[in-house]
Amino acid sequence: MTFVIVSGGIDLSVGSIVGLCGMVAGYLVLNGIDIGLGWSIQFNTFEICLLVIAVGVFIGAINGFLITKLNVAPFIATLGTLYVARGAAMLSSDGRTFPNLNGNPEYGSDTFRWIGAGEILGVPVSIVMLIAVGLLAAYIATRTPLGRHIYAVGGNERAAGLSGIKVNRTKYFVYIFSGFCAALVGLIISSQLVAAHPATGNTFELNAIAAAVLGGTSMSGGRGRIGGTIIGAFVIGVLSDGLVMMGVSSFWQTVIKGLVIIAAVVIDQAQQKVQARVALQAQSAIDS
């Protein structure tokens, strides 16, 4: 989400992609792919992960196509895919849950639970995945030309295009990467719960946007840091857990989260105005 917002866009479909990818994982673990005549193709855990990630990347690519080739506004394009992905998740099971995703040792899918419950050197797999994706995103943002292009497109799309940056290609990447990350979340949640429900991921897009904004990402594009977003996500998590431990009503929790997000945006805007004023005064002093 940080890459998307920095590039000047928005992705409202990530929560629905999480739900759809979780359902795809659950369907493949339980049923495989029916090819007719009583035959079906079964997959091991690694193959299931690849197929689920492919689904997330495909939806991200659709978002990129709608925005870059058909010139649909990001808000509208991703709002549309939000409904399509959520509807597809519901249709995959007629709104029912895929339970008991323990897999089958015969097909090698019995290790699916390891994604959400396993450990690597004593560290939960989901945490390892968080660190890996965070480091990858931070490397892209700070150490590659692609990262500079993302910031340039968000700062001034027209100037970026005139300077030779492939604007459409850059936008494609950020939405594909967003779909990739959402697919990983779908895998983790369905594995942790050992079940997949089509409503999984509902409002996750709001939490993702909130984490990015709290981490210092500007909604107008061109500014933001991966490390700041991770801190923002921790703030939201600690805030939610803390309010639960304090016995605060879930209704008030929603109100408080909203106020925190509004406060973060107001402070960010005030900070930008102060910086612009200081820069203007400094330039005036130089000119004089």
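Overview of the structure.

Procedures and definitions
- Residues numbered from 1 in each chain as written.
- Predicted model: local features only at pLDDT ≥ 70, side-chain atom pairs only at ≥ 80, totals over all residues.
- Heavy atoms only, no water.
- Helix = DSSP H or I, 4+ residues; strand = E, 2+ residues; numbered from the N terminus.
- Rg over C-alpha atoms; globule rule 2.2 N^0.38 Å.
- Contact = heavy atoms within 4.5 Å.
- Areas by Shrake-Rupley, 256 points an atom, 1.4 Å probe, with all protein chains shown as cover.
- Buried < 20%, exposed > 50% of the residue type's maximum accessible area, 1.4 Å probe, protein only.
- Polar contact = N/O pair within 3.5 Å; in protein donor to acceptor, adjacent residues only side chain to side chain.
- Phe/Tyr/Trp six-rings, centres within 6.5 Å; stacked < 30°, edge-to-face > 60°.
- Disulfide = S-S within 2.5 Å.
- Expected span 1.5 Å × (residues − 1).
- Arc of directions from axis to C-beta.
- Core = buried A, V, L, I, M, F, W, Y, C linked by side-chain atoms within 4.5 Å.
- Salt bridge = Lys/Arg side-chain N within 4 Å of Asp/Glu carboxyl O.

## Observations regarding the overall build of the chain
If you tally the helices and strands in the chain, you get 12 helices and 4 strands. The globule rule puts the C-alpha radius of gyration for 288 residues at 19 Å, and the 21 Å found for the chain is close to it. Seen along its three principal axes, the alpha-carbon backbone of the chain occupies a region of about 85 × 50 × 40 Å. Restricting to contacts in the chain with at least 6 residues of sequence separation, those with at least 24 account for 71%. By element, 68% of the accessible surface of the chain is carried by carbon and sulfur atoms, the whole surface being about 15,300 Å².

## Section: the side chain of Ser191
Structurally, Ser191 is set in helix 9 (residues 167-193). Its relative accessible area of 1% is what places Ser191 among the buried residues. Separated by 2.7 Å, the side chain of Ser191 and the backbone oxygen of Phe112 make a polar contact. When sequence neighbours within four positions are dropped, the list of residues in contact with Ser191 reads Phe112, Arg113, Trp114, Ile115, Gly116 and Ala117.

## Topic: the packing of aromatic side chains
Considering all chains together, one arrives at 5 aromatic pairs under this definition. Aromatic side chains Phe173 and Phe177 sit 5.7 Å apart centroid to centroid with 25° between the ring planes, which places their arrangement in the stacked category. Of the two residues, Phe173 and Phe177 are both situated in helix 9; the distance of 4 residues between them amounts to about one turn of the helix.

## A look at unusual backbone geometry
One non-glycine residue, Asn71, lies in positive phi territory at about 60°. You can see Asn71 is positioned in the loop between helix 3 (45-68) and helix 4 (74-91). Its identity as a non-glycine residue notwithstanding, Asp94 has a phi of 55°, on the positive side. In this structure, Asp94 sits in the loop between helix 4 and helix 5 (114-117).

## Considerations on the side chain of Asn63
Tracing the chain through its elements places Asn63 in helix 3. Classification of Asn63 as buried rests on a relative accessible area of 0%. Discounting residues that sit within four places of it in the chain, Asn63 has contacts with Asp11, Ser13, Ala77, Thr78, Thr81 and Tyr175.

## Notes on the state of the cysteines
Within the structure shown, the criterion is met by 0 disulfides. With no disulfide of its own, Cys21 has Cys49 as its nearest cysteine by sulfur position, at a separation of 11 Å. The structure places no disulfide on Cys181, whose sulfur is separated from the nearest cysteine sulfur, that of Cys21, by 11 Å. Judged by its relative accessible area of 25%, Cys181 is partly exposed.

## Description of the environment of Ser249
As for its position among the elements, Ser249 is in the loop between helix 11 (226-245) and helix 12 (250-287). With 38 residues separating them along the chain, Ser249 and Ala211 place their C-alpha atoms 22 Å apart. A polar atom in the side chain of Ser249 sits 3.2 Å from the backbone nitrogen of Phe251.

## With respect to helix 6 (residues 125-143)
Taking 1.5 Å per residue, 19 residues should reach 27 Å; helix 6 reaches 26 Å between its end C-alpha atoms and fits that length. Where helix 6 is concerned, the buried positions are Val125, Ser126, Val133, Gly134, Ala137, Ile140 and Ala141. The buried residues of helix 6 all sit within an arc of 165° when viewed along its axis, so they share a single face. More than 90 degrees from the buried face of helix 6, the exposed residues found are Leu135, Thr142 and Arg143.

## Quick word on the nonpolar core
Among the nonpolar cores identified, the biggest contains 53 residues, and Phe3, Ile48, Val52, Leu101, Phe112, Leu187 and Ile209 are the most heavily contacted of them. For Ile209, the contacting residues outside a window of four places in its chain are Met1, Ile5, Ile10, Leu12 and Met219.

## A few points about the pattern of salt bridges
Counted by the stated rule, this structure contains 1 salt bridge. In this structure, Glu157 and Lys171 form a salt bridge, with 3.0 Å as the shortest nitrogen-oxygen distance. In this pair, Glu157 is assigned in helix 8 (residues 157-162) and Lys171 in helix 9, connecting sequence segments 14 residues apart. Relative accessible area serves as the criterion here: at 40%, Glu157 is assigned to the partly exposed category.

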